[in-house]
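# Close look at the chain arrangement
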Amino acid sequence: MSRFLDRKLQTLEPYTPGEQPRDMGKLIKLNTNESPFPPAPGVLDILTRGQSADLRLYPDMNCTALRAAIGAFYGVEPQRVFAGNGSDDVLAFCFHGFCPNGAAFADITYGFYPVFAQMFGVQETIVPLRADFSIDPQDYAGIKSTVFIANPNAPTGLCLAPGQIEALCRQNPDRLVIVDEAYVDFGGETVVGLTEKYDNLLVVQTFSKSRQLAGGRLGFAIGAKALIDDLNAMKFAFNPYSINRLTLLAGQAAMEDRAYFDKTRGQICENRAFAREKLIQMGFSVTDSRANFLFARAPGLSGGAYYKALRDRGILVRWFDRDRIRDYVRITVGTREQMETLIEETAQILRQR
Ligand SMILES: *Cc1c(COP(=O)(O)O)cnc(C)c1O
(Lines give C-alpha, C1' and ligand atoms only; values in the text may rest on other atoms or scores of the structure.)
Protein backbone atom coordinates (compact mmCIF):
# COMPACT_ATOMS: atom_id res chain seq x y z
CA MET A 1 0.00 0.00 0.00
CA SER A 2 1.30 3.45 -0.85
CA ARG A 3 1.15 6.31 1.59
CA PHE A 4 -1.06 8.14 -0.90
CA LEU A 5 -4.08 5.86 -0.66
CA ASP A 6 -7.17 7.45 0.84
CA ARG A 7 -7.71 6.21 4.39
CA LYS A 8 -11.24 5.19 3.47
CA LEU A 9 -9.82 2.62 1.07
CA GLN A 10 -6.99 1.28 3.17
CA THR A 11 -9.04 -1.63 4.45
CA LEU A 12 -10.75 -2.36 1.14
CA GLU A 13 -11.07 -6.08 0.59
CA PRO A 14 -11.41 -6.74 -3.11
CA TYR A 15 -13.79 -9.27 -4.58
CA THR A 16 -12.25 -12.73 -4.90
CA PRO A 17 -13.24 -14.10 -8.27
CA GLY A 18 -12.98 -17.74 -9.22
CA GLU A 19 -9.62 -18.78 -10.54
CA GLN A 20 -8.94 -18.08 -14.24
CA PRO A 21 -6.07 -20.46 -15.00
CA ARG A 22 -3.76 -19.18 -17.71
CA ASP A 23 -2.95 -22.62 -18.97
CA MET A 24 -6.20 -24.50 -19.26
CA GLY A 25 -4.47 -27.68 -20.44
CA LYS A 26 -6.99 -30.44 -19.87
CA LEU A 27 -8.74 -28.64 -17.03
CA ILE A 28 -12.51 -28.73 -17.01
CA LYS A 29 -13.46 -25.28 -15.85
CA LEU A 30 -16.68 -25.28 -13.86
CA ASN A 31 -15.87 -22.50 -11.41
CA THR A 32 -17.08 -19.15 -12.76
CA ASN A 33 -20.43 -19.86 -14.41
CA GLU A 34 -19.36 -19.05 -17.93
CA SER A 35 -21.13 -20.74 -20.83
CA PRO A 36 -19.45 -23.84 -22.26
CA PHE A 37 -20.74 -22.84 -25.70
CA PRO A 38 -19.27 -20.29 -28.13
CA PRO A 39 -21.06 -16.98 -28.69
CA ALA A 40 -23.92 -16.86 -31.21
CA PRO A 41 -22.81 -17.25 -34.85
CA GLY A 42 -23.55 -13.60 -35.62
CA VAL A 43 -21.18 -12.52 -32.85
CA LEU A 44 -18.34 -14.43 -34.46
CA ASP A 45 -18.77 -12.39 -37.67
CA ILE A 46 -18.03 -9.15 -35.87
CA LEU A 47 -14.29 -9.47 -35.62
CA THR A 48 -13.80 -8.57 -39.27
CA ARG A 49 -11.11 -6.25 -40.59
CA GLY A 50 -13.69 -3.56 -41.28
CA GLN A 51 -15.16 -3.54 -37.79
CA SER A 52 -11.71 -3.69 -36.27
CA ALA A 53 -10.59 -0.75 -38.38
CA ASP A 54 -13.43 1.27 -36.87
CA LEU A 55 -11.77 0.87 -33.48
CA ARG A 56 -9.95 4.14 -34.25
CA LEU A 57 -13.33 5.84 -33.66
CA TYR A 58 -15.00 6.24 -30.26
CA PRO A 59 -18.01 4.00 -29.73
CA ASP A 60 -21.61 5.26 -29.54
CA MET A 61 -21.83 6.39 -25.94
CA ASN A 62 -25.62 6.20 -26.05
CA CYS A 63 -25.46 2.53 -27.11
CA THR A 64 -28.43 3.26 -29.36
CA ALA A 65 -28.54 0.04 -31.40
CA LEU A 66 -27.79 -2.21 -28.44
CA ARG A 67 -30.43 -0.61 -26.24
CA ALA A 68 -32.93 -0.91 -29.10
CA ALA A 69 -32.13 -4.63 -29.40
CA ILE A 70 -32.52 -5.21 -25.66
CA GLY A 71 -35.70 -3.12 -25.66
CA ALA A 72 -37.11 -5.14 -28.55
CA PHE A 73 -36.32 -8.42 -26.79
CA TYR A 74 -38.19 -7.38 -23.65
CA GLY A 75 -40.81 -5.15 -25.21
CA VAL A 76 -39.66 -2.01 -23.40
CA GLU A 77 -38.71 1.39 -24.79
CA PRO A 78 -34.94 1.80 -25.29
CA GLN A 79 -35.05 4.84 -22.97
CA ARG A 80 -35.79 2.40 -20.16
CA VAL A 81 -32.63 0.39 -20.87
CA PHE A 82 -29.18 1.23 -19.51
CA ALA A 83 -26.04 -0.53 -20.76
CA GLY A 84 -22.80 -0.91 -18.85
CA ASN A 85 -19.43 -2.63 -18.95
CA GLY A 86 -20.64 -5.88 -17.41
CA SER A 87 -23.39 -5.97 -14.83
CA ASP A 88 -20.73 -5.38 -12.17
CA ASP A 89 -20.31 -1.92 -13.70
CA VAL A 90 -24.07 -1.37 -13.52
CA LEU A 91 -24.21 -2.59 -9.93
CA ALA A 92 -21.31 -0.29 -9.01
CA PHE A 93 -23.36 2.70 -10.20
CA CYS A 94 -26.30 1.44 -8.15
CA PHE A 95 -24.23 1.26 -4.97
CA HIS A 96 -22.61 4.59 -5.72
CA GLY A 97 -25.75 6.51 -6.57
CA PHE A 98 -28.82 4.73 -5.27
CA CYS A 99 -27.92 3.91 -1.67
CA PRO A 100 -28.15 7.12 0.39
CA ASN A 101 -29.82 5.07 3.14
CA GLY A 102 -27.50 2.12 2.84
CA ALA A 103 -27.84 -1.24 1.14
CA ALA A 104 -29.57 -4.40 2.38
CA PHE A 105 -28.75 -7.85 1.07
CA ALA A 106 -28.55 -11.47 2.20
CA ASP A 107 -25.72 -12.99 4.21
CA ILE A 108 -25.23 -15.54 1.47
CA THR A 109 -25.41 -13.93 -1.94
CA TYR A 110 -23.21 -12.45 -4.65
CA GLY A 111 -19.87 -11.68 -3.00
CA PHE A 112 -19.46 -8.40 -4.81
CA TYR A 113 -22.26 -6.60 -2.90
CA PRO A 114 -20.27 -6.13 0.33
CA VAL A 115 -17.22 -5.10 -1.70
CA PHE A 116 -19.19 -2.40 -3.51
CA ALA A 117 -20.68 -1.26 -0.20
CA GLN A 118 -17.22 -0.82 1.24
CA MET A 119 -15.80 0.77 -1.91
CA PHE A 120 -18.53 3.42 -1.98
CA GLY A 121 -18.88 3.90 1.76
CA VAL A 122 -22.40 2.50 1.84
CA GLN A 123 -23.80 1.28 5.16
CA GLU A 124 -24.80 -2.36 4.81
CA THR A 125 -27.62 -4.29 6.43
CA ILE A 126 -27.18 -8.05 6.25
CA VAL A 127 -30.40 -10.07 6.17
CA PRO A 128 -29.72 -13.77 6.85
CA LEU A 129 -31.27 -16.33 4.55
CA ARG A 130 -33.65 -18.79 6.20
CA ALA A 131 -32.24 -22.16 7.29
CA ASP A 132 -33.20 -23.69 3.94
CA PHE A 133 -31.33 -20.85 2.15
CA SER A 134 -34.57 -19.23 1.02
CA ILE A 135 -35.30 -15.51 1.13
CA ASP A 136 -38.43 -14.40 2.97
CA PRO A 137 -39.56 -10.99 1.71
CA GLN A 138 -41.05 -10.36 5.15
CA ASP A 139 -37.53 -10.14 6.54
CA TYR A 140 -37.08 -6.94 4.52
CA ALA A 141 -40.20 -5.19 5.80
CA GLY A 142 -39.21 -2.09 7.68
CA ILE A 143 -35.76 -1.87 6.09
CA LYS A 144 -35.28 1.57 4.53
CA SER A 145 -32.05 0.77 2.69
CA THR A 146 -31.94 -0.07 -0.99
CA VAL A 147 -32.56 -3.80 -1.32
CA PHE A 148 -30.33 -5.97 -3.52
CA ILE A 149 -31.69 -9.40 -4.40
CA ALA A 150 -29.87 -11.80 -6.70
CA ASN A 151 -32.68 -13.81 -8.29
CA PRO A 152 -31.88 -16.66 -8.73
CA ASN A 153 -29.56 -16.22 -5.78
CA ALA A 154 -25.89 -17.11 -5.96
CA PRO A 155 -24.45 -19.52 -4.99
CA THR A 156 -27.66 -21.32 -3.95
CA GLY A 157 -29.53 -21.06 -7.26
CA LEU A 158 -32.83 -20.56 -5.42
CA CYS A 159 -35.51 -18.21 -6.76
CA LEU A 160 -38.11 -15.84 -5.49
CA ALA A 161 -41.38 -15.82 -7.45
CA PRO A 162 -42.32 -12.56 -9.19
CA GLY A 163 -45.08 -12.07 -6.62
CA GLN A 164 -42.48 -12.05 -3.86
CA ILE A 165 -40.41 -9.41 -5.66
CA GLU A 166 -43.59 -7.44 -6.09
CA ALA A 167 -44.20 -7.72 -2.34
CA LEU A 168 -40.75 -6.20 -1.75
CA CYS A 169 -41.62 -3.30 -4.05
CA ARG A 170 -44.91 -2.72 -2.27
CA GLN A 171 -43.48 -2.83 1.24
CA ASN A 172 -42.21 0.68 0.76
CA PRO A 173 -42.69 2.62 -2.48
CA ASP A 174 -39.94 5.02 -1.38
CA ARG A 175 -37.37 2.26 -1.19
CA LEU A 176 -35.55 1.04 -4.29
CA VAL A 177 -35.41 -2.71 -4.99
CA ILE A 178 -32.63 -3.88 -7.29
CA VAL A 179 -33.02 -7.38 -8.68
CA ASP A 180 -29.85 -8.91 -10.08
CA GLU A 181 -31.05 -11.39 -12.70
CA ALA A 182 -27.64 -12.65 -13.81
CA TYR A 183 -28.99 -16.22 -13.88
CA VAL A 184 -32.64 -15.69 -14.69
CA ASP A 185 -32.48 -17.21 -18.17
CA PHE A 186 -31.93 -20.72 -16.81
CA GLY A 187 -35.38 -21.23 -15.35
CA GLY A 188 -36.16 -18.21 -13.22
CA GLU A 189 -38.86 -15.70 -14.04
CA THR A 190 -37.84 -12.18 -14.92
CA VAL A 191 -39.54 -9.21 -13.29
CA VAL A 192 -38.73 -6.85 -16.17
CA GLY A 193 -42.49 -6.64 -16.75
CA LEU A 194 -43.01 -5.24 -13.25
CA THR A 195 -40.77 -2.25 -13.98
CA GLU A 196 -43.69 -0.81 -15.94
CA LYS A 197 -45.74 -0.68 -12.77
CA TYR A 198 -43.13 -0.04 -10.07
CA ASP A 199 -40.80 2.92 -10.39
CA ASN A 200 -38.86 1.63 -7.38
CA LEU A 201 -37.75 -1.52 -9.18
CA LEU A 202 -34.56 -1.86 -11.20
CA VAL A 203 -33.68 -5.12 -12.95
CA VAL A 204 -30.02 -5.82 -13.74
CA GLN A 205 -28.89 -8.47 -16.20
CA THR A 206 -25.69 -9.61 -17.87
CA PHE A 207 -24.48 -11.07 -21.16
CA SER A 208 -21.89 -13.13 -19.27
CA LYS A 209 -23.84 -16.20 -18.28
CA SER A 210 -26.61 -16.99 -20.78
CA ARG A 211 -25.26 -15.12 -23.81
CA GLN A 212 -21.69 -16.36 -23.94
CA LEU A 213 -20.06 -12.93 -23.64
CA ALA A 214 -18.30 -12.94 -20.27
CA GLY A 215 -15.12 -11.81 -22.00
CA GLY A 216 -16.93 -9.04 -23.90
CA ARG A 217 -18.02 -7.34 -20.66
CA LEU A 218 -21.61 -6.29 -21.10
CA GLY A 219 -24.49 -5.82 -18.72
CA PHE A 220 -27.69 -3.81 -18.60
CA ALA A 221 -30.50 -2.54 -16.44
CA ILE A 222 -34.18 -2.00 -17.10
CA GLY A 223 -36.35 0.28 -15.01
CA ALA A 224 -38.35 3.47 -14.94
CA LYS A 225 -36.97 6.11 -17.29
CA ALA A 226 -35.97 8.33 -14.37
CA LEU A 227 -33.75 5.59 -12.95
CA ILE A 228 -32.17 4.97 -16.35
CA ASP A 229 -31.55 8.70 -16.76
CA ASP A 230 -29.76 8.70 -13.39
CA LEU A 231 -27.58 5.76 -14.40
CA ASN A 232 -26.69 7.49 -17.66
CA ALA A 233 -25.86 10.68 -15.80
CA MET A 234 -23.43 8.74 -13.59
CA LYS A 235 -21.93 6.92 -16.56
CA PHE A 236 -21.45 10.14 -18.53
CA ALA A 237 -19.77 11.68 -15.50
CA PHE A 238 -17.33 8.81 -15.21
CA ASN A 239 -16.62 6.84 -18.39
CA PRO A 240 -19.07 7.56 -21.21
CA TYR A 241 -17.29 5.21 -23.62
CA SER A 242 -17.23 2.29 -21.22
CA ILE A 243 -18.51 -0.21 -23.78
CA ASN A 244 -16.20 -0.76 -26.73
CA ARG A 245 -17.40 -0.87 -30.35
CA LEU A 246 -16.94 -4.62 -30.81
CA THR A 247 -18.84 -5.46 -27.65
CA LEU A 248 -21.71 -3.17 -28.63
CA LEU A 249 -22.03 -5.10 -31.90
CA ALA A 250 -21.57 -8.46 -30.21
CA GLY A 251 -24.26 -7.70 -27.66
CA GLN A 252 -26.70 -6.63 -30.34
CA ALA A 253 -26.07 -9.79 -32.39
CA ALA A 254 -26.43 -11.99 -29.29
CA MET A 255 -29.72 -10.30 -28.33
CA GLU A 256 -31.14 -10.66 -31.83
CA ASP A 257 -30.42 -14.39 -32.09
CA ARG A 258 -33.23 -15.71 -29.95
CA ALA A 259 -32.98 -19.22 -31.40
CA TYR A 260 -29.37 -19.68 -30.32
CA PHE A 261 -30.12 -18.19 -26.92
CA ASP A 262 -33.02 -20.60 -26.40
CA LYS A 263 -31.05 -23.59 -27.67
CA THR A 264 -28.03 -23.01 -25.45
CA ARG A 265 -29.93 -22.20 -22.29
CA GLY A 266 -32.18 -25.19 -22.92
CA GLN A 267 -29.11 -27.42 -23.12
CA ILE A 268 -27.76 -26.02 -19.87
CA CYS A 269 -31.07 -26.77 -18.14
CA GLU A 270 -30.99 -30.36 -19.48
CA ASN A 271 -27.40 -30.88 -18.39
CA ARG A 272 -28.21 -29.42 -15.00
CA ALA A 273 -31.09 -31.86 -14.52
CA PHE A 274 -28.87 -34.76 -15.61
CA ALA A 275 -26.01 -33.88 -13.23
CA ARG A 276 -28.32 -33.05 -10.34
CA GLU A 277 -30.09 -36.39 -10.61
CA LYS A 278 -26.78 -38.30 -10.66
CA LEU A 279 -25.41 -36.40 -7.68
CA ILE A 280 -28.57 -37.03 -5.70
CA GLN A 281 -28.32 -40.75 -6.55
CA MET A 282 -24.81 -40.70 -5.08
CA GLY A 283 -26.14 -39.23 -1.84
CA PHE A 284 -25.44 -35.55 -2.43
CA SER A 285 -27.69 -32.88 -1.12
CA VAL A 286 -28.36 -30.48 -4.00
CA THR A 287 -30.46 -27.32 -3.98
CA ASP A 288 -33.21 -26.83 -6.57
CA SER A 289 -31.04 -24.50 -8.64
CA ARG A 290 -32.57 -22.44 -11.43
CA ALA A 291 -29.16 -21.14 -12.44
CA ASN A 292 -26.35 -22.48 -14.62
CA PHE A 293 -24.69 -24.02 -11.59
CA LEU A 294 -25.42 -26.63 -8.97
CA PHE A 295 -24.93 -26.06 -5.28
CA ALA A 296 -24.11 -29.42 -3.79
CA ARG A 297 -22.98 -31.04 -0.55
CA ALA A 298 -21.04 -34.28 -0.84
CA PRO A 299 -21.98 -37.21 1.44
CA GLY A 300 -19.40 -37.73 4.17
CA LEU A 301 -16.87 -35.38 2.64
CA SER A 302 -16.22 -31.76 3.50
CA GLY A 303 -16.73 -29.15 0.82
CA GLY A 304 -13.04 -28.32 0.89
CA ALA A 305 -12.00 -31.96 0.53
CA TYR A 306 -14.36 -32.55 -2.39
CA TYR A 307 -13.17 -29.35 -4.06
CA LYS A 308 -9.52 -30.40 -3.69
CA ALA A 309 -10.17 -33.95 -4.86
CA LEU A 310 -11.88 -32.63 -7.98
CA ARG A 311 -9.08 -30.20 -8.56
CA ASP A 312 -6.51 -33.01 -8.37
CA ARG A 313 -8.49 -34.70 -11.11
CA GLY A 314 -8.50 -31.64 -13.32
CA ILE A 315 -11.98 -30.33 -12.54
CA LEU A 316 -12.22 -26.83 -11.21
CA VAL A 317 -15.31 -25.90 -9.17
CA ARG A 318 -15.91 -23.14 -6.63
CA TRP A 319 -15.72 -23.62 -2.90
CA PHE A 320 -16.53 -20.82 -0.48
CA ASP A 321 -14.73 -21.21 2.83
CA ARG A 322 -17.35 -19.39 4.84
CA ASP A 323 -20.00 -19.97 7.46
CA ARG A 324 -23.17 -21.83 6.51
CA ILE A 325 -21.94 -22.91 3.08
CA ARG A 326 -18.53 -24.41 3.86
CA ASP A 327 -19.86 -27.93 3.22
CA TYR A 328 -21.02 -27.09 -0.29
CA VAL A 329 -19.37 -26.54 -3.64
CA ARG A 330 -20.77 -24.61 -6.58
CA ILE A 331 -20.46 -26.45 -9.85
CA THR A 332 -20.99 -24.59 -13.12
CA VAL A 333 -23.15 -26.57 -15.53
CA GLY A 334 -21.11 -27.31 -18.63
CA THR A 335 -21.58 -29.58 -21.61
CA ARG A 336 -23.12 -33.03 -21.24
CA GLU A 337 -19.67 -34.53 -21.69
CA GLN A 338 -18.20 -32.34 -18.95
CA MET A 339 -21.04 -33.30 -16.62
CA GLU A 340 -20.45 -36.99 -17.35
CA THR A 341 -16.78 -36.59 -16.47
CA LEU A 342 -17.73 -34.75 -13.29
CA ILE A 343 -20.03 -37.60 -12.29
CA GLU A 344 -17.46 -40.31 -13.08
CA GLU A 345 -14.69 -38.58 -11.16
CA THR A 346 -17.03 -37.89 -8.26
CA ALA A 347 -18.01 -41.56 -8.09
CA GLN A 348 -14.30 -42.48 -7.87
CA ILE A 349 -13.66 -39.86 -5.20
CA LEU A 350 -16.49 -41.25 -3.08
CA ARG A 351 -15.25 -44.81 -3.54
CA GLN A 352 -11.71 -43.94 -2.45
CA ARG A 353 -12.77 -42.08 0.62
C1 LIG B 1 -21.68 -13.14 -12.69
C2 LIG B 1 -22.56 -12.24 -11.87
C3 LIG B 1 -22.60 -10.87 -12.09
C4 LIG B 1 -21.57 -10.16 -12.90
O5 LIG B 1 -21.64 -10.32 -14.21
P6 LIG B 1 -20.77 -9.45 -15.21
O7 LIG B 1 -21.80 -8.94 -16.14
O8 LIG B 1 -19.83 -10.42 -15.82
O9 LIG B 1 -20.08 -8.34 -14.49
C10 LIG B 1 -23.50 -10.11 -11.36
N11 LIG B 1 -24.30 -10.66 -10.44
C12 LIG B 1 -24.27 -11.98 -10.19
C13 LIG B 1 -25.18 -12.54 -9.15
C14 LIG B 1 -23.39 -12.80 -10.88
O15 LIG B 1 -23.31 -14.08 -10.59
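None of these values were measured; they are calculated from a predicted model.

All right, on to the pattern of salt bridges then. Counting across every chain of the model gives 17 salt bridges. Close ionic contact of glutamate 19 with arginine 311 constitutes a salt bridge, the shortest N to O distance being 2.5 Å. Placement of glutamate 19 in the segment before strand 1 (28-29) and of arginine 311 in helix 10 (residues 303-312) is noted, with a sequence separation of 292 residues between them. We classify arginine 311 as partly exposed; its relative accessible area is 31%.

Let us look at the packing of aromatic side chains. Applying the stated criterion across every chain, the model contains 25 aromatic pairs. Centroid distance tyrosine 74 to phenylalanine 220: 6.5 Å. Interplanar angle 45°. Geometry classified as tilted. Highlighted residues: tyrosine 74 in helix 3 (residues 64-74) and phenylalanine 220 in strand 8 (residues 219-223), separated in sequence by 146 residues. This pair shows no difference in class: tyrosine 74 is buried, exactly as phenylalanine 220 is. In textbook terms, an aromatic cluster arises when at least three aromatic residues are bridged by ring pairs, as seen for Tyr15, Phe95, Phe105, Tyr110, Phe112, Tyr113, Phe116, Phe120 and Phe148. The aromatic ring of phenylalanine 261 is capped on one face by arginine 211, whose charged end is 3.9 Å from the ring centroid. The ring of phenylalanine 293 is capped by arginine 330, whose NZ or CZ atom sits 5.8 Å from the centre of that ring.

Okay, helix 6 (residues 162-171) next. Residues Pro162, Ile165, Glu166, Leu168 and Cys169 constitute the buried set of helix 6. End-on, the buried residues of helix 6 take up no more than an arc of 155°, which puts them together on one face. Buried residues belonging to helix 6 abut strand 5 (146-150), strand 6 (177-180) and strand 7 (201-206).

By rolling a water-sized probe across the atoms, one finds the places where empty space is left. Applying the stated criterion to the full structure yields 2 cavities of 30 Å³ or more. One number sums up the size of the largest cavity: a volume of about 40 Å³. For the lining of the largest cavity, a count of residues per class yields 4 nonpolar, 1 polar and 2 charged. In this structure, the second largest cavity encloses a volume near 30 Å³.

Relative to the helices and strands, tyrosine 183 resides in the loop between strand 6 and strand 7. Note on tyrosine 183: relative accessible area 7%, which makes it buried. Sequence spacing of tyrosine 183 and threonine 64 is 119 residues, and the spatial spacing of their C-alpha atoms is 25 Å. Contact partners of tyrosine 183, with chain neighbours within four places excluded, come to Asn33, Pro152, Ala154, Lys209, Arg290, Ala291, Asn292 and Phe293.

On to the site of the ligand. Residues in close proximity to the ligand include Gly86, Ser87, Asp88, Tyr110, Asp180, Ala182, Tyr183, Thr206, Ser208, Lys209 and Arg217, which together make up its full environment. In the model, an oxygen atom of the ligand is placed 2.6 Å from a nitrogen or oxygen of the serine 208 side chain. Here the ligand loses 92% of its free accessible area of 390 Å² to cover by the protein chains. Its residues assigned to classes, the shell around the ligand comprises 3 nonpolar, 4 polar and 4 charged.

With respect to topology, 7 strands assemble into an open sheet ordered 2-8-7-6-5-3-4, the strand pairing being mixed. Edge strands, defined here as strands with exactly one partner in the open sheet, are strand 2 (81-84) and strand 4 (124-127). If you compare each strand with its neighbour and ignore which way they point, the axes differ by 20° on average. Sheet analysis places strand 2 next to strand 8, joined by 4 bridges and oriented antiparallel. Looking at the pairing, alanine 83 lines up with phenylalanine 220 of strand 8. The sheet strands contacting helix 3 are strand 2, strand 7 and strand 8, and the helix crosses strand 2 at an angle near 130°. Its contacts with the sheet place helix 4 (residues 87-97) against strand 2, strand 3 (103-106), strand 5, strand 6, strand 7 and strand 8, and it is angled at close to 155° to strand 7.

Attention now moves to the sheet that holds strand 10 (residues 293-297). Spatially, 3 strands are ordered 9-10-12 in an open sheet, and the strand pairing comes out antiparallel. Each end of this open sheet is capped by a strand with a single partner; those strands are strand 9 (285-286) and strand 12 (328-332). Inspection of the sheet shows strand 10 paired to strand 12 by 5 bridges, in the antiparallel sense. Bridge pairing in strand 12 links alanine 296 to valine 329.

Rules used throughout
Residues numbered from 1 in each chain as written. Predicted model: local features only at pLDDT ≥ 70, side-chain atom pairs only at ≥ 80, totals over all residues. Heavy atoms only, no water. Salt bridge = Lys/Arg side-chain N within 4 Å of Asp/Glu carboxyl O. Helix = DSSP H or I, 4+ residues; strand = E, 2+ residues; numbered from the N terminus. Buried < 20%, exposed > 50% of the residue type's maximum accessible area, 1.4 Å probe, protein only. Phe/Tyr/Trp six-rings, centres within 6.5 Å; stacked < 30°, edge-to-face > 60°. Lys NZ or Arg CZ within 6 Å of the ring centre and 35° of its normal. Arc of directions from axis to C-beta. Contact = heavy atoms within 4.5 Å. 1 Å grid on protein atoms, 1.4 Å probe; cavity = no way out; pocket = protein on both sides within 12 Å on 5 of 7 lines; lining within 4 Å. Points joined across faces, edges and corners; volume = space filled by probe spheres on them. Nonpolar A, V, L, I, M, F, W, Y, C, P; charged D, E, K, R; others polar. Near = heavy atom within 4 Å. Polar contact = N/O pair within 3.5 Å; in protein donor to acceptor, adjacent residues only side chain to side chain. Areas by Shrake-Rupley, 256 points an atom, 1.4 Å probe, with all protein chains shown as cover. Pairing = 2+ DSSP bridges. Axes fitted to C-alpha atoms, helices over the stretch in contact; angles between N-to-C directions.

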